[in-house]
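# Per-entry structural report
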2 protein chains.
Amino acid sequence: MPRVQFIPEDVSILVEQGESLLRAAILADVRVRASCGGDGTCGKCRVIIEQGAVDARPSSKLSDSQVAQGYVLACLAEIHDDVVVRIAPESRSSALATKPASRVANTVLSAEDCAARVADDASGPAPIGKAVITLQPPDLSNNSSDLTRVRQAMRRQRGIANVAVPLPALRELPDAAREGDWTVTALLTQPTESDAWIAGFQPGDTSSRQLAIAVDIGTTTVEVALVDLVTGAVLGQAAEYNRQTSRGEDVITRIILASTEQGLSELQSLAADTIAELVETLCARAGVATHDIMCYVAAGNTVMTHLFFGVTPRHIRAAPYIPAASEFPYAHARDLSLPGGPATQLLALPCPASWLGGDIVAGVLASGIPWRDELTLLIDIGTNGEIVLGNKDWLVACSCSAGPAFEGGGILHGMRAAAGAIEQVRIDPDTLEPTIMTIGGVKPLGICGSGLIDCVSELFLAGALARNGKFAEADSSASIRHGERGPEYVLVLAEESGTGADIVVTEPDVENLIRAKAAIFAGISVLLECTDVAFEEIAEVAVAGGFGHYLDLERITVLGMVPELDREKFVFIGNSSLLGARHVASSRRMLAMAKSVSEKMTYIELSVNAGFMESFVSASFLPHTDARLFPETERLLKRLREARRVLKR
Amino acid sequence: MPRVQFIPEDVSILVEQGESLLRAAILADVRVRASCGGDGTCGKCRVIIEQGAVDARPSSKLSDSQVAQGYVLACLAEIHDDVVVRIAPESRSSALATKPASRVANTVLSAEDCAARVADDASGPAPIGKAVITLQPPDLSNNSSDLTRVRQAMRRQRGIANVAVPLPALRELPDAAREGDWTVTALLTQPTESDAWIAGFQPGDTSSRQLAIAVDIGTTTVEVALVDLVTGAVLGQAAEYNRQTSRGEDVITRIILASTEQGLSELQSLAADTIAELVETLCARAGVATHDIMCYVAAGNTVMTHLFFGVTPRHIRAAPYIPAASEFPYAHARDLSLPGGPATQLLALPCPASWLGGDIVAGVLASGIPWRDELTLLIDIGTNGEIVLGNKDWLVACSCSAGPAFEGGGILHGMRAAAGAIEQVRIDPDTLEPTIMTIGGVKPLGICGSGLIDCVSELFLAGALARNGKFAEADSSASIRHGERGPEYVLVLAEESGTGADIVVTEPDVENLIRAKAAIFAGISVLLECTDVAFEEIAEVAVAGGFGHYLDLERITVLGMVPELDREKFVFIGNSSLLGARHVASSRRMLAMAKSVSEKMTYIELSVNAGFMESFVSASFLPHTDARLFPETERLLKRLREARRVLKR
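Residues numbered from 1 in each chain as written. Chains lettered and ligands numbered in written order. Predicted model: local features only at pLDDT ≥ 70, side-chain atom pairs only at ≥ 80, totals over all residues. Heavy atoms only, no water.

## Comments concerning the relation of the copies chain A and chain B
Take chain A, turn it by 179°, move it 0.0 Å along the axis, and it overlays chain B with an RMSD of 0.4 Å. The two molecules are tied by a two-fold rotation axis, judged by turn and shift. Take the interface residues of chain A: 97% of them recur as interface residues in chain B, which is what a same-surface contact looks like. (Least-squares fit on C-alpha atoms with pLDDT ≥ 70 in both. Contact = heavy atoms within 4.5 Å.)

This is the structure:
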């Protein structure tokens, strides 16, 4: 990864190949002005390349002489090599550091890092894979059936005593056996050590071709990974909106639609279509045949998992909130209209409870909790915040309805994390001037979850928001005005927005976010209280969630969403649901562990928990009503208040 | 059953309600003339009702005064009550008795008789049936999934530890559970005591509606029984030609056609269509819904069973004669286009070897052999003669290719046992005048297996056929003439036949029948030799076969098809394949016994057995080259020879 050094701040950061210089500055908390979202039109983010080079698109905002001096617009400059950069004086935003001195980048664990935390005994044969067996050729003195030969070979060569061969596989056997000269590859589903069923036969040894599809079925986004089961390599990964969103954005709307047979079938098809397109694209790109997909492993919340299988979720909606199933049967890909061969199987991670799905079970696997002695807190941030506390011996979980704020829902100018969404915000604590970065670096259309978190956190640090989430009257400035809905912060002016209208953050928006973060913090508190664990006893906090790419530990801490622990204790593990599904696709023992995790997990139903409401109310402040829980944030707030007082003199 | 007494012969016989008087006379071996097959046109079978009454259709062949005297045509008279009958003098055929003095009717075992021979421990729950379970209603303190409740109920209420619920059933569960107020009926497949899978759910208690279809898939004829699994009653039974015969009459032709995927699929569809039509007719007649069919249990020879499931039989044809499977997996009726509900399952009796099918395993069950200490010989007569010898401890079997003669194949005027087929023949040992009865009592179109057996046996007893099957020259008469193919016996003259041409039996026809019967006798001999069992040690001979309705023990003995044992040792059990399939549909233990029978059965491959050819050659005479094996037949022949000599003087 190339390193960017900002001078004179002397802050360095490692970034991905091709990352924009503006994004690098924001990530490094080096203040640079930018109001157009990153499409080069505001021309504010001027930087000077001091050493090395960047791949910069030309801009009419820069004069030839500036270009000659090494000026580029940070938003139009892609980083490919180490580079030393100076922010142009006119582009420099506040000199006030809103960061604590101990500022470190998020600790992001890669899939490989995560996999390394899983004990060796969790590896092993895939639950669905291939077994090459050599059948005894028949003669007149040994004229037992082809199928009997398969059973003998499975027992002798694989130690599998009970083999079921359904009709479609049996139909393939006679020709496959002779074409392969009595060597056949069995497409094997092996739920236990001694039992297996064979979904198909191929002539000869085809064991080098074994693919799996891991799927994270999110309410909003579906993400798919194409895995080579032989090498373990991920051949591709892609995400797309869940097409079900066209029929309702939230889970409840979809449950209602799924209450009729037609609606259920429609939602099942929409999910399948979403996945099918992603899989076909990934396979085409990787140059592999969908025919060689051995299995799909799906992880989703309980409602999404029901819809994926076409099983009605409607009894989840009303008390006593009963799912049809917590473990789903193996199914055929063809029965759900998913790409694959005739033997392609489908399995899903178990869903421990109506509001606790296979996604969180997958997350527990991905985080490595079931192999750790130390206490780990897993927080999966999405429409529902799912929280798990435990170690290899016990697991307690809850799901708190954070509401759609993290995904831009219920926010005046909120939107999903799509092109044009403001996903990062920095605000000059002195002038309240915003610096924004949009997804895709295009004109801003609205604000998504991480952008809102940034914005509220920055406004709070800048003193513009009071602890109760109201705009501080003393701090009214050009950026804060009284709109139709009361006070609001202007993030983007109409002339720079892609919608032709101002993009603002209102007090109700802030309230929504505070409610969401309070739900998560309260969930954490209740879990700790129920288990009599103190914050300090947590050895690690694993933060998961698809949208966590630009989520920033400092800012979620300042909001009071997560407890203020040693920064070293926090790790970001990205889409842990997808990662867990990948684990299960690769190892039968992982599947067994998923079942064990699902059964072991004690679910705390927050809606009937008295302590939760109390904790939620206490957490509905910035960062919290109990300041002692956030000492470092309090110190930072005090330091910034004093710095502003100095500036104002 | 009404009793018919013939005077002055003083022979009585019990017959089915509605049986014709002509048939009763033939069965009782009371000689009456009849040449039109039973449609009333020859007017020869005049009888006088002396006591009681019959239901007689009027005939122009009788004068009013005759009618007033009690004359009826025997072929047009249906028996409903006890009756005493005298054959009119002009209708009386020979006075020569061709029967031994000890003449008794065939001992025909009904399905109930057969079932009584099966030990009690073979009854029990059906392999596929319904289980009514009461689920624990959920509340907030017990919010486990619907499926979990099913598993609990199955364990606690049924003692079934492992329950698999495939996706289609899971989809039905949530609504069924609530509609039935937490009582549901599970459509259950239970292969073992502790394991089950549930193919569907119905709300409430639907256990009173449980149907099964037993199917005998014959190469030529498919016979189906509709069984009420709750009461055990047979609601209907019907047979139809296997539509596959349109694509080839014998098994080998069908194997060749099934060698292509298209041919295989076509043959599978033809068998399914045959069965589907029978099932739909039976259900409509019985006023039950095909939806309530729990399962099909099919018994057929190995090739027919393969074709039924759409599994290629082509490797059965050439050495080393390997079937794809001997046990077939449970399948879905819908996958084979058979009528039923979404959960209707399909199972087949195991086929022990390529030329030894599930039909004979079913026959073994039906005959009761697996529960008997005594040695039983089972002979199933069809295109292939299948022979089993054994008791509850051991079973040895062989299959001898009798050829199609028993089903009218390879015979000049042969036909299948359909309307118009001459199925019974009596021949006056003095004049050689034939008395014939056709299926359906219509004008004769040809001769079927039992008719040919009767005809050849009668000709032999009448001295018209020599031991080698050639027409005896000394006996040439009006009925035996020299045709294009050598000497032939005229059974029906053109003016009385439905084809407008003479119906004859030729020497090659006789040769074919002798080859067929010799194959069976040789098969029996080889089995006995292999097992070192003497004829006398056999406690019972069970004769099975769909066409055995009017098969006569004396006549098959005279031919030398079966050994000459005490008549009391012989029982006729009809379509034992269908009966065995009915047993399996009703009891899981019967299915287990079928598997045990299939595994236990030692198969003697006759095509590579030196002794078989030798036995076959020895048996290719009437009744056998070794006269000592048939002493009673020899005595009868001698008596008849002398009687004829007396008549000729």
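From this point, the discussion proceeds with the structure in view.
## Quick notes on the interface of chain A and chain B
Between chain A and chain B, the contact holds 39 residues from the first and 38 residues from the second. The junction of chain A with chain B conceals about 3000 Å² of combined surface from both sides, 67% of it contributed by carbon and sulfur atoms. For chain A, the biggest contributors to the area lost against chain B are Leu167, Arg171 and Ile322 of chain A; these three give 18% of the whole. Connecting chain A to chain B are two salt bridges. A salt bridge links arginine 314 of chain B to aspartate 175 of chain A; the shortest N-O distance between them is 3.1 Å. Run the count over chain A and chain B and you get 18 residue pairs in polar contact (both at pLDDT 80 or more). Put simply, the parts of the chain that give the side of chain A that touches chain B at least two residues each are helix 4 (146–158) and helix 5 (167–179) of chain A. Ranked by residue count, the leading element in the side of chain A that touches chain B is helix 5 of chain A, at seven residues. Partitioned by chemical class, the residues of the side of chain A that touches chain B number 22 nonpolar, nine polar and eight charged. (Buried area = accessible area lost by both parts, 1.4 Å probe. Salt bridge = Lys/Arg side-chain N within 4 Å of Asp/Glu carboxyl O. Polar contact = N/O pair within 3.5 Å; in protein donor to acceptor, adjacent residues only side chain to side chain. Helix = DSSP H or I, 4+ residues; strand = E, 2+ residues; numbered from the N terminus. Nonpolar A, V, L, I, M, F, W, Y, C, P; charged D, E, K, R; others polar.)

## Focus on the pairing of strand 10 (residues 183–189) of chain B
Residue and element names in this part refer to chain B. In terms of burial, strand 10 is a largely internal element, six of the seven residues being buried. Where strand 8 (residues 128–134) and strand 10 come together, seven bridges link them in antiparallel fashion. Bridge pairing in strand 10 places glycine 129 opposite leucine 188. Bridge analysis of strand 10 against strand 11 (residues 195–203) gives six bridges, and the strand direction is antiparallel. Counted as the bridge partner of threonine 185 is glutamine 202 from strand 11. The hairpin formed by strand 10 and strand 11 contains five residues between the paired strands. (Buried < 20%, exposed > 50% of the residue type's maximum accessible area, 1.4 Å probe, protein only. Pairing = 2+ DSSP bridges.)

## With respect to the confidence of the model for chain A
Mean pLDDT over chain A: 90, with 97% of residues reaching 70 or higher. When the criterion is pLDDT under 50, residues 100–104 of chain A qualifies, and its contacts beyond four places in sequence or with other chains add up to 13 contacts. (pLDDT = per-residue confidence, 0-100.)

## A short note on the pattern of salt bridges
Residues and elements named next belong to chain B. Counting across every chain of the model gives 56 salt bridges over all chains. A salt bridge links arginine 117 to glutamate 540, with the nearest nitrogen and oxygen atoms 2.3 Å apart. You can see arginine 117 sitting in the loop between helix 3 (111–116) and strand 8 and its partner glutamate 540 sitting in strand 27 (residues 540–544), a full 423 residues away along the chain. The class for glutamate 540 is buried, based on a relative accessible area of 7%.

## Brief notes about the packing of aromatic side chains
For any pair of aromatic rings, the description consists of the separation of the ring centres together with the inter-plane angle of the planes. Residues and elements named next belong to chain A. Scanning the entire structure with this criterion turns up 12 aromatic pairs over all chains. Consider the rings of phenylalanine 521 and phenylalanine 630, whose centres lie 5.6 Å apart with planes at 45°: the pair is tilted. Of the two residues, phenylalanine 521 sits in helix 11 (residues 507–531) while phenylalanine 630 sits in the loop between helix 15 (610–619) and helix 16 (631–648), which places them 109 residues apart along the sequence. Three or more aromatic residues joined by ring pairs make a cluster, and in this case those are Phe308, Phe309 and Phe328. (Phe/Tyr/Trp six-rings, centres within 6.5 Å; stacked < 30°, edge-to-face > 60°.)

## Quick word on unusual backbone geometry
The step from alanine 319 of chain A to proline 320 of chain A runs through a cis peptide bond, and the omega angle for that step is 0°. Checked against the element boundaries, proline 320 of chain A lands in the loop between helix 8 (302–309) and strand 16 (331–332). With phi around 70°, tryptophan 182 of chain B is a residue other than glycine that occupies positive phi space. As for its placement among the helices and strands, tryptophan 182 of chain B is situated in the loop between helix 5 (167–179) and strand 10. Overall, tryptophan 182 of chain B belongs to the buried group, its relative accessible area being 12%.

## A look at the packing of helix 9 (residues 358–367) of chain A against helix 14 (residues 588–600) of chain A
Residues and elements named next belong to chain A. In the contact formed by helix 9 and helix 14, the axes pass within 10 Å of each other and the chain directions differ by 115°. Here the hand of the crossing between helix 9 and helix 14 comes out right-handed. Along the contact surface, helix 9 presents Val361, Val364 and Leu365, while helix 14 presents Met590, Met593, Ala594, Val597 and Ser598. Taken together, the residues of the contact of helix 9 with helix 14 break down into seven nonpolar, one polar and no charged. (Axes fitted to C-alpha atoms, helices over the stretch in contact; angles between N-to-C directions. Left-handed = near helix turned anticlockwise from the far one by under 90°.)

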